[in-house]
Amino acid sequence: MRHSALKGISGRENKLTKSSTAHTNVDLPSETSQVIAELKSLREELREISENGNIHSVCDKLLERFDRFEWSLAHILHENTLSGELELLSDIGLMLSRAVSLDEVLSAMIDGLNKVVPYDAAGIFIHDDEPGKIRAITLRGYSEEQLDKFRQKLHEGISGKVMSSAVELNIPDVLNESSYVSCRLSTRSELAVPIIIGDDVLGCINLESDKVGAFKEENILILKDIAAHAAIALERARTYDKLVAAHELEKELQISRRIQSALLPKNPPEIPGYDFGGINVPHQDVGGDYYDYIPINSNNIGLVIADVAGKGVPAGLIMSGLRAALRTRIETTYSVTWIISSINRFLYESTGPEAFVTAFYGVLNTETNELTYVNAGHNQPILMKPDGNVEILKTGGPLLGVIENPVYDQMTIKLESGSTLVLYTDGIVEAGGEYENEFGIDRVIDIIRERSGEEAASIAGSIDNAVSQWDSSYGTGDDRTVMVVKRL
Amino acid sequence: MKLKSKIFEDVLVLELKGKIMGGPDAAIFREELKNQLDGGVKKVIVDLGKVDWMNSSGLGILIGGLTSVRNAEGEMKLARTTEKIKSLLMITKLIQVFETFESVESAIASFSS
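Residues numbered from 1 in each chain as written. Chains lettered and ligands numbered in written order. Predicted model: local features only at pLDDT ≥ 70, side-chain atom pairs only at ≥ 80, totals over all residues.

Chemist: I tried to follow the overall build of chain A on my own but got confused; where do I start?
Modeler: When you go through chain A residue by residue, the secondary structure sums to 12 helices and 16 strands. Expressed as a percentage of its 488 residues, the buried residues of chain A come to 36%. Contacts spanning at least 24 positions in sequence make up 65% of the contacts within chain A whose residues lie at least 6 apart. (Helix = DSSP H or I, 4+ residues; strand = E, 2+ residues; numbered from the N terminus. Buried ≥ 20, exposed ≤ 12 C-beta atoms within 10 Å, placed from the backbone. Contact = placed C-beta atoms within 7 Å.)

Right under this line is the structure:
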């Protein structure tokens, strides 16, 4: 990680720091060479005095100079520590500006730290997914066995305390500290500093030493500087993880969308004397609308349109369940009311009270041209007769999934030659929002009347187009589905 | 959606106002109703007179409410249903499930009769 430009920067900063922190009230040599020079001159002086035979003068001179050397050495030591810290901080800063993994940054931090504030064991801890628990992300000096032992109790110890209080703790003697949770038997002193960003405590840096009182006041300051950098590293990683998760979710949604669109009919059935067409436009990637043509036998075909309350993946899941439940029941029975009652029970038992489905299910006999249907609280389909008269298909019962045992009625109607049956979901008639702006059933009827001579798919497309334009002017945003059955 | 709770003797009147569209609205309604039911309320009226608009998710709020009240062995009735809500209740045939009243007073009176 060392970098020549970096050395230049930390070197400059060192000089600045030196001039501002030098002990100007005491006349001290600030460089080691000067100390050595002074020691040489002292030796000469002492030799001279001792040659004169005055032992008291030697002692006086020694005592006087002893104090000055103590200051000098302390100062040199302090300067060296500072320059080490600055170099470490610059290195970490450089790492943070590059695309280096969190693990690499934290490892460099904790290893570099050992040169500045020597420790026997160290760890960086963060909150665990399990509330109230914490976990280590970078560790030095602990054996696996030691870690296993205290992993469960980590949050009860010094690190946990520092993370919940957001205040650092310097424990000079762990044997006198009640909240100390022993991990390494040889540890005697401990220093922990929180990693904070804004008001959030992201974690803590914890150092342990085998010596009593190993960590001094100035070590706390250094550790706080490092913790500020660790905070940036952790926050950066957290933001990055969120971005990755959002991307993953986006991919999953696309997959769900693909699965769901595969559940909708790809092509309308081809039955002589009839023309079918449908369109489904989900508002979100995954929608809650469903329509289907289900072949029963050579003369009968099941027609279904349904709308699951809500949107997105939860609605999509209920829709997939509904489709499977419907298809298995249709295989075993003809009775439309039995099928709808059974689906109602299935949804009532498997979903919460706010999840419901409106559905229309009918069986079209293409030989007798009769449609037997039950409308379970769904937007009422429109039958445009050849003479232009309209019949609304409302017979049935309440929507599905919220009432335990409702009664469903069925109705059989005749599809005369030239009839157009249009089924749709609320995204069509409720488009536009507040009810004075709602697209409404009358506009749908107008379009059917105007275009009844066209093919089924084209009628469905025209209705959806008109609604889409209406919706973009007023806007509510719901799934839109239209299904058209024409008897030629 | 705005929600106001009023108590008339032992009847809770939940007055809804604005657009009812599911999502956060559902959570507000559910929470208030739950608190009141936990407090021992058994008679609930939802006053819809000031509701401008409601979609099918909004309808889910009423259905969820009805279920919660019934589970607490109480009763929930609707008062002052607007044309839009009436039409939603007609289409979904929930008109068979919800008792509806023209005024809050008549709804309150129905509990004592």
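Let us keep going from here.
Chemist: Please explain the pairing of strand S2 (residues 11-20) of chain B as it appears in this structure.
Modeler: A regular strand carries its side chains on alternate faces of the sheet. Residue and element names in this part refer to chain B. For strand S1 (residues 2-8) and S2, the ladder comprises 7 bridges, and the chain directions are antiparallel. What sits directly across from Lys6, in S2, is Val13. The antiparallel hairpin formed by S1 and S2 contains 2 residues in its connecting segment, where Glu9 sits at a positive phi of about 55°. Bridging between S2 and strand S3 (residues 43-54) involves 9 bridges; their strand directions are parallel. Across the sheet, the residue bridging to Leu12 is Val44, located in S3. (Pairing = 2+ DSSP bridges.)

Chemist: Whenever I open this one, the nonpolar core confuses me. Can you help?
Modeler: Within the largest apolar cluster, 94 residues are counted, with the highest numbers of intra-cluster contacts made by Val304(A), Leu322(A), Val357(A), Tyr361(A), Val422(A), Val482(A) and Val46(B). Counting residues per element, this core draws most heavily on S3(B), at 7 residues. Ignoring sequence-local partners within four residues, the contact set of Tyr361(A) consists of Gly302(A), Val304(A), Val336(A), Ile339(A), Ile340(A), Tyr373(A) and Val374(A). Within the second largest apolar cluster, 42 residues are counted, among which are Leu89(A), Ile92(A), Met109(A) and Leu207(A). (Core = buried A, V, L, I, M, F, W, Y, C linked by C-beta atoms within 7 Å.)

Chemist: What is the right way to look at the sheet that holds strand S15 (residues 420-424) of chain A in this model?
Modeler: What holds strands together in a sheet is hydrogen bonding between their backbones, with the strands either parallel or antiparallel. Residue and element names in this part refer to chain A. Strands sit in the order S6-S16-S15-S11-S12 across an open sheet of 5 strands; the sheet is antiparallel. Sheet topology places strand S6 (274-281) and strand S12 (390-392) at the edges, where each strand pairs with a single neighbour. Ignoring which end each strand starts from, the neighbouring axes of this sheet average 15° apart. Here strand S11 (residues 382-384) pairs with S15 via 3 bridges, running antiparallel. The partner of Leu383 across the bridge, within S15, is Leu421. Contacting S11, S12 and S15, helix H11 (residues 440-451) runs over the sheet at an angle of about 30° to S11. (Axes fitted to C-alpha atoms, helices over the stretch in contact; angles between N-to-C directions.)

Chemist: Looking at this structure, how should I read the environment of Asp120(A)?
Modeler: All names here are of chain A. For Asp120, the position within the fold is in the loop between helix H4 (102-116) and strand S1 (121-127). Residues Asp120 and Arg140, spaced 20 residues apart in sequence, show a C-alpha to C-alpha distance of 8.1 Å. Those residues in contact with Asp120 that lie beyond four places of it in its chain are Gly141, Glu208, Ser209 and Asp210.

Chemist: Which parts of the structure should I look at to understand the interface of chain A and chain B?
Modeler: Interfaces are often described in size by the accessible area the parts lose on coming together. Facing 20 residues of chain A, the contacting portion of chain B comprises 18 residues. When the residues that make up the side of chain A that touches chain B are grouped by side-chain class, the tally is 8 nonpolar, 8 polar and 4 charged. (Nonpolar A, V, L, I, M, F, W, Y, C, P; charged D, E, K, R; others polar.)

Chemist: What's the story with the packing of H4(A) against helix H7 (residues 217-263) of chain A in this structure? I'm lost.
Modeler: Two measures define how a pair of helices packs: the angle their axes make with one another and the distance between the axes. Residues and elements named next belong to chain A. Direction vectors running N to C along H4 and H7 enclose 175°, while the axes themselves pass 10 Å from each other. When the interaxial angle is binned, H4 and H7 end up roughly antiparallel. Here H4 contributes Leu102, Val105, Leu106, Met109, Leu113 and Val116 to the contact with H7, which in turn contributes Ile222, Ile226, His229, Ala230, Ala233 and Ala237. Looking at side-chain class alone, the contact of H4 with H7 contains 11 nonpolar, 1 polar and no charged residues. (Parallel < 35°, antiparallel > 145°, perpendicular 65-115°, else oblique.)

Chemist: Honestly, helix H3 (residues 83-91) of chain B in this entry has me stumped. Any pointers?
Modeler: A turn of α-helix holds 3.6 residues, and therefore any two residues three or four places apart point the same way. Residues and elements named next belong to chain B. All of the buried residues along H3 are Lys84, Ile85, Leu88, Leu89 and Ile91. Down the axis, H3 shows its buried residues gathered within 165° of arc, on one side only. Among the structural elements, S3 and helix H2 (56-71) are those in contact with the buried residues of H3. Downstream of H3 by one or two residues, Lys93 has phi in the positive range, about 60°. (Arc of directions from axis to C-beta.)

Chemist: Any chance you could explain the packing of helix H1 (residues 24-38) of chain B against H2(B) here in plain terms?
Modeler: Residue and element names in this part refer to chain B. One can describe the packing of H1 onto H2 by two numbers: an axis separation of 10 Å at closest approach and a directional angle of 15°. Taken together, the axes of H1 and H2 are roughly parallel relative to one another. Here H1 and H2 pass one another in a crossing that is right-handed. Every residue of H2 that contacts H1 at Asp25, Ala26, Phe29, Arg30, Leu33, Lys34 and Leu37 is listed here: Gly58, Gly60, Ile61, Gly64, Gly65, Ser68 and Val69. (Left-handed = near helix turned anticlockwise from the far one by under 90°.)

Chemist: Sorry if this is basic, but what is going on with unusual backbone geometry here?
Modeler: Glycine aside, the phi torsion of most residues is negative, and most peptide linkages are trans. Positive phi is not limited to glycine here, since Ala166(A) has a value of about 65°. On the neighbour-count criterion, Ala166(A) (13 C-beta atoms within 10 Å) is partly exposed. Of note in the backbone geometry, Arg80(B) takes a positive phi value of approximately 50° without being a glycine. Tracing the backbone through its elements, the reader meets Arg80(B) in the loop between strand S4 (75-79) and H3.

Chemist: What's the story with the confidence of the model for chain B in this structure? I'm lost.
Modeler: Close inspection of predicted coordinates is inappropriate in any region flagged by low pLDDT. Looking at chain B, pLDDT values average 88 and 98% of them are 70 or higher. Here the complex is predicted with pTM 0.61, and the ipTM for its interfaces comes to 0.81. (pLDDT = per-residue confidence, 0-100.)

Chemist: Can you walk me through the sheet that holds S4(B) in this structure?
Modeler: All names here are of chain B. With mixed pairing, 5 strands are arranged side by side in an open sheet as S1-S2-S3-S4-S5. Edge positions in the sheet fall to S1 and strand S5 (99-101), since each of these pairs with one other strand and no more. With strand direction ignored, the average angle separating the axes of adjacent strands in the sheet is 25°. In this sheet, S5 lies alongside S4 in parallel orientation, the contact comprising 3 bridges. Within the sheet, the bridge partner assigned to Leu78 lies in S5 and is Thr100. In the packing of H1 onto the sheet, the strands contacted are S1 and S2, and the crossing angle to S1 comes to about 20°.

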